[in-house]
Structure formats: structure tokens, C-alpha cells
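Understanding the architecture of this molecule
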Amino acid sequence: MIRVAVNGYGTIGKRVADAVTLQPDMELVGVAKTRPNHEAETAVRKGYPLYAAIEDRVHLFEEAGIELAGTVEELVEAADVVVDACPSGIGAENKAMYEAYDTPALYQGGESADLVDVSFNARGNYDEAEGADHVRVVSCNTTGLSRLLAPVEEAYGVEKARVTLVRRGGDPGQTGRGPINDILPNPVTLPSHHGPDVNTIFPDLDIDTLGMKVPATLMHTHSVNVTLEDAPDAADEVRDLLAEESRLFLIPERHDIDGAGKLKEYAYDIGRPRGDLWENCIWEESVSIEGDDLYLFQAIHQESDVVPENVDAIRAVLGEADRGESMARTDETMGVGLP
Ligand SMILES: NC(=O)C1=CN([C@@H]2O[C@H](COP(=O)(O)OP(=O)(O)OC[C@H]3O[C@@H](n4cnc5c(N)ncnc54)[C@H](O)[C@@H]3O)[C@@H](O)[C@H]2O)C=CC1
Ligand SMILES: O=C(OP(=O)(O)O)[C@H](O)COP(=O)(O)O
């Protein structure tokens, strides 16, 4: 059994913890939190051993009547691998602690590529993570782009990818985020971090990305244009290619899903935990071929698409399974793949 610790039990961390408990080859050693809020209480209710992320705050948990299993250093020491899901920049601060206990660490997309030995996407570069001490699971948007571009590059070759990312301003729980009533080029200069991040997975891929932020919380939306080296005659061929990928969901026309709102409704209706959509959601009708150019729209559920990737990264780092085995096991246990 792979003993997994999760440090940072927020949007990403709590989802990764739940996914780890579903894996037959993994054991969740515990989760670390900075303060005794509702998420801490829920973790305890789920039976997850809870550790204090900051030693000075142990008394806050005691005062709240929440039982602790120990401090984060004990958690890291007891684990074979730690998933750091702390806010951007805190992962970098934690690196020395992981090194002190010789525990390999997975970081999230908010950390810099320079922090780690390898940036990771399961479909893109699974094998490169084996034996690495510090691995970054790339951001939600970069994960969505990597999953899409991998099969397209393999089948047709990518001459140039151009993507405009219309990004949600904040997650549903992030009440302090904006914009509330605006549409922002973000960043206003090119490229957004997503293109260079895709290049940490596919170094030779020619890609330009432009970012925006809008007053929405549900999902991101990508407008994708890829000039292909060897374009197929018909868009149907591309649809068939994408449909073979378990983490790409081609939204059928019959579903009558016109945006992120209905996508989330669909996720709740089919009983997805937290309404999560782990797959890229690609509008089937949008997949078009114009000459050598492929066009499509996809929506990305920022809170959850990196979760299967974190599970795969755990196995990849420890060399516990090859890409195909790991992705299949993760998909089957979590229920990845939409009808
Ligand atoms: N929310 C999203 O849409 C996505 C986030 N990411 C990345 O995942 C990482 C985490 O983001 P979220 O889960 O959204 O953040 P979050 O704020 O929801 O959760 C972070 C958790 O870490 C805790 N924390 C803060 N300092 C800590 C410390 N020193 N030790 C332990 N825990 C600490 C916070 O209290 C919070 O519970 C970031 O790098 C982010 O860029 C990646 C993909 C999507
Ligand atoms: O990694 C994400 O988005 P990004 O790829 O646009 O940076 C997540 O949605 C977190 O973004 P945030 O930094 O706006 O919270």
C-alpha cells in the first residue's frame, strides 16, 4: 500500500484525499489543516486522521473540540509521498520540510515550474515523473490543454496551437474574488502562463495562449484553434479520436448543454461528488476542420480536473504502475468517463 499524506485540505486537497481513499493500492495516512473550520470537522467525520499544519495552532483545534493525530511533520514522516495542495507559494515554503523527511512531494499548478524536477500530466508525460522527488501537477487549465493536445499531436502533428482561455474569476467558495462586473484581459500581456506551462509537458509544441477573467465561478472555457501538420478531411475523424480518450467528454448535441451551468447541473444529476467534472467537456458540435485548422470549445472544471492527475502522479513518482494501468485504475475507481 502506498501511504499518502495530503498537506493543505482546501478545494484541491479534499478532493485528492477522497480520491486516494478509493484507490485499492493507496492508504490515506492523514490530512493537514491550518485551522479548525468546517473542512477540518468534515475530515474528522470522514475518518481522516487530522494533523495540524502549524504547530502553534494546535490549541485552536483543542479549543474547538477537534481531535488531532499530530503535527504535519509527523504526517510527512509517516508517508511514502505527500500531496501538497496549499495555496500558491506555500508549497515552495514547504519544500524544505519534505526534503528533511526524504518524502517525495507533489505540488499543484500554482507553484512555479522551477520549484520541481518534473511538471506532470498523466496523458502527456507520465513516465518522466518516476523517481523524481518534486513533481508539479500542472494547473487545471494546463491539464485541460495537455489532455487535448496529446492525442491531436500524436494523430495529426501540431504546427501551431492558439488558445484563448476565458477563466472563472474565483471558485464558488472564494467570496473575496472578482471581477464582479467586468471582463479582464488577464494577463494583459502575452503569453498567459498556460502556454509556457504546456511546454513543460510538451517542450517542442508551438503554442500561444491568451488569458481572460470573467465574473463566473463554475468553470473555465477555452476557445481552441490548432493548425495541424496533417489535417484530416472531416471533423468526424477528430471527434472519434477525442472520444477514445477517457478524460475527454464530448458533449453530445442531444444533451442540450449550452454552458457551464447545465454542465454542472448534469454532474449533480448523475450523482457526481460535489458536482465534479473530472473530464474536459468538449462541445461535439464545435469540433470543426477548416483547411488545416482544428477549432473547438471546451469547458474545464477547475476544482476537479487535476484530481485524477494527482492520483496518477502518486503512482508515477513511485514507479508503482505504468501509465495505462494507473489511468485505468484511477478512472475506474473514481468513475471518470461520462455518457
Ligand atoms: N482551485 C482551483 O481552481 C485550482 C487550484 N489549483 C492549485 O492548487 C493549489 C491549491 O489551491 P486551492 O485548493 O484552490 O486552494 P484553497 O485555498 O482552496 O486550499 C488551500 C488549503 O491549504 C490551507 N493552507 C494554507 N496554508 C497552509 C500551510 N502552511 N500548510 C497547510 N495547509 C495550508 C488553506 O487553509 C486551505 O485549506 C494552488 O497551487 C492552486 O493554484 C490547481 C488547479 C485548480
Ligand atoms: O490553476 C488555475 O487556473 P489557471 O490555470 O488559469 O492559473 C486554477 O483555476 C486556480 O486559479 P486561480 O489562481 O485563479 O485561483
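Computed from a prediction, not measured in an experiment: that's the story for all the values here. (Residues numbered from 1 in each chain as written. Chains lettered and ligands numbered in written order. Predicted model: local features only at pLDDT ≥ 70, side-chain atom pairs only at ≥ 80, totals over all residues. Heavy atoms only, no water.)

**A word on the site of ligand 2**
Rules: Near residues are defined by distance, with any heavy atom within 4 Å of the molecule or strand qualifying the residue. In protein, a polar contact requires one atom able to donate a hydrogen and another able to accept it; more generally it is a pair of N or O atoms within 3.5 Å, and residues adjacent in sequence count only if both atoms are side-chain atoms. Detection works on a 1 Å grid of protein atoms alone, calling trapped sets that fit a 1.4 Å probe cavities and calling open sets with protein on both sides within 12 Å along at least five of seven lines pockets, with lining residues defined by an atom within 4 Å of a point. Put plainly, a molecule is in a cavity or pocket when over half of its atoms are within 2 Å of the grid points there. Under the DSSP-based scheme used, a helix requires at least four consecutive residues in state H or I and a strand at least two consecutive residues in state E, with every element numbered from the N terminus. We call Asp, Glu, Lys and Arg charged. Ala, Val, Leu, Ile, Met, Phe, Trp, Tyr, Cys and Pro are nonpolar, and the rest, Gly among them, are polar.
As a structural note, the neighbourhood of ligand 2 is formed by Ser139, Cys140, Asn141, Arg167, Arg168, Arg177, His193, His194, Lys213, His220 and Gln302. Between ligand 2 and Arg167 there is a distance of 2.7 Å, counted from an oxygen atom to a side-chain nitrogen or oxygen. Contacts to ligand 2 include Arg177, whose side-chain N or O atom sits 2.6 Å from an oxygen atom. Mapping ligand 2 onto the cavity grids shows that it belongs to the largest pocket. For the shell around ligand 2, the elements supplying multiple residues, two or more each, are helix H7 (140-156) and strand S9 (158-168). In the shell around ligand 2, the residues fall into one nonpolar, six polar and four charged.

**Some details on empty space enclosed by the protein**
The line we're drawing: Grid points are joined across faces, edges and corners, and a volume is the space filled by probe spheres set on the points.
Counted according to the given criterion, the structure contains one cavity of 30 Å³ or more. Taken as a whole, the largest cavity holds about 50 Å³ of empty space. In terms of lining, the largest cavity is formed by Arg123, Arg147, Glu245, Arg247, Leu248 and Met327. Counted by class, the lining of the largest cavity contains two nonpolar, no polar and four charged residues.

**Brief notes about the packing of aromatic side chains**
Quick note on the threshold: What counts as a ring pair is set by centres within 6.5 Å for rings of Phe, Tyr and Trp (its six-membered ring), and what kind of pair is set by the plane angle: stacked under 30 degrees, edge-to-face over 60, tilted for all other angles. In this scheme, a residue with accessible area under 20% of its type's maximum is buried, one over 50% is exposed, and one in between is partly exposed, where area comes from a 1.4 Å probe on protein chains only.
Counted according to the given criterion, the structure contains three aromatic pairs. Look at Tyr98 and Tyr107: their rings are 6.0 Å apart centre to centre, the planes differ by 55 degrees, and that puts the pair in the tilted class. Classification of Tyr107 by relative accessible area gives buried; the value is 0%. Both rings, one in Phe120 and one in Tyr126, keep their centres 6.0 Å apart while their planes meet at 55 degrees; by these two values the pair is tilted. The burial state of Phe120 is the same as that of Tyr126; both residues are buried.

**Points about the side chain of Asp18**
Definition in use: What makes two residues a contact is simply this: any of their non-hydrogen atoms within 4.5 Å.
Here Asp18 is to be found in helix H1 (residues 11-21). Here Tyr48 takes part through its side chain, which lies 2.6 Å from a polar atom of the side chain of Asp18. Beyond its immediate sequence surroundings of up to four residues, Asp18 is in contact with Lys46, Tyr48 and Arg274.

**What to know about the site of ligand 1**
Around ligand 1 sit 20 residues, and of these Thr11, Ile12, Gly110, Asp171 and Gln302 come closest. Between an oxygen atom of ligand 1 and a side-chain N or O atom of Arg168, the distance comes to 3.1 Å. Partitioned by chemical class, the residues of the shell around ligand 1 number eight nonpolar, nine polar and three charged.

**A word on the side chain of His301**
Tracing the chain through its elements places His301 in the loop between strand S16 (293-300) and helix H11 (306-318). Of note is the side chain of His301, whose polar atom sits 3.2 Å from the side chain of Lys264. Polar side-chain contacts of His301 include one of 3.0 Å to the side chain of Glu303. Among residues more than four places away in sequence, those in contact with His301 are Leu218, Met219, Lys264, Gly275, Asp276 and Leu277.

**Section: the UniProt feature "binding site: D-glyceraldehyde 3-phosphate" (unreviewed entry) in the chain**
Stated formally: UniProt positions are given in the numbering used here, feature names are shortened, and annotations may be inferred rather than shown by experiment.
The feature "binding site: D-glyceraldehyde 3-phosphate" (unreviewed entry), as annotated in UniProt, sits at Ser139, Cys140, Asn141, His194 and Gly195 in this numbering. The annotated residues occupy 57 residues of the chain but converge on a single region, no pair of C-alpha atoms lying more than 12.9 Å apart. Lining the largest pocket, from the residues just named, are Ser139, Cys140, Asn141 and His194. For Cys140, the location among the structural elements is in helix H7. Those residues in contact with Cys140, other than ones at most four positions away along the chain, are His220, Ile300, Gln302, Asp305 and Val306. Residue placement: His194 occurs in helix H8 (residues 194-201). According to the relative accessible area criterion, His194 is buried, its value standing at 1%. Contacts of His194, omitting those with residues within four sequence positions, involve Ser139, Asn141, Thr142, Leu145, Leu165, Arg167 and Thr209. A polar atom in the side chain of His194 sits 2.8 Å from the side chain of Ser192.

**Brief notes about unusual backbone geometry**
Between Asn186 and the following residue, Pro187, the backbone shows a cis peptide bond with an omega angle of 0 degrees. With respect to the secondary-structure elements, Pro187 resides in the loop between strand S10 (184-185) and H8. Residue Leu190 is joined to Pro191 through a cis peptide bond whose omega torsion reads -10 degrees. Within the secondary structure layout, Pro191 lies in the loop between S10 and H8. Here the phi dihedral of Asp102 falls at roughly 55 degrees; this positive angle occurs in a residue that is not glycine.

**Overview of the domain arrangement of the chain**
Interface size is commonly expressed as the accessible area that is lost once the parts come together. Note the following rule: Start and end positions for the domains come from either an automated domain assignment or a database one. A simple way to read buried area is as the amount of 1.4 Å-probe accessible surface that goes missing from two parts once joined, with both sides added.
Domain boundaries assigned for the chain yield domain 1 (2-138 + 306-334) and domain 2 (141-300). Computed over C-alpha atoms, the centres of domain 1 and domain 2 are 26 Å apart. On the side of domain 2, 18 residues touch domain 1, which itself brings 24 residues to the contact. Broken down residue by residue, the surface that domain 1 buries against domain 2 is led by Arg15, Arg123 and Val138, which jointly contribute 33%. The interface formed by domain 1 and domain 2 holds eleven residue pairs in polar contact (both at pLDDT 80 or more) in total.

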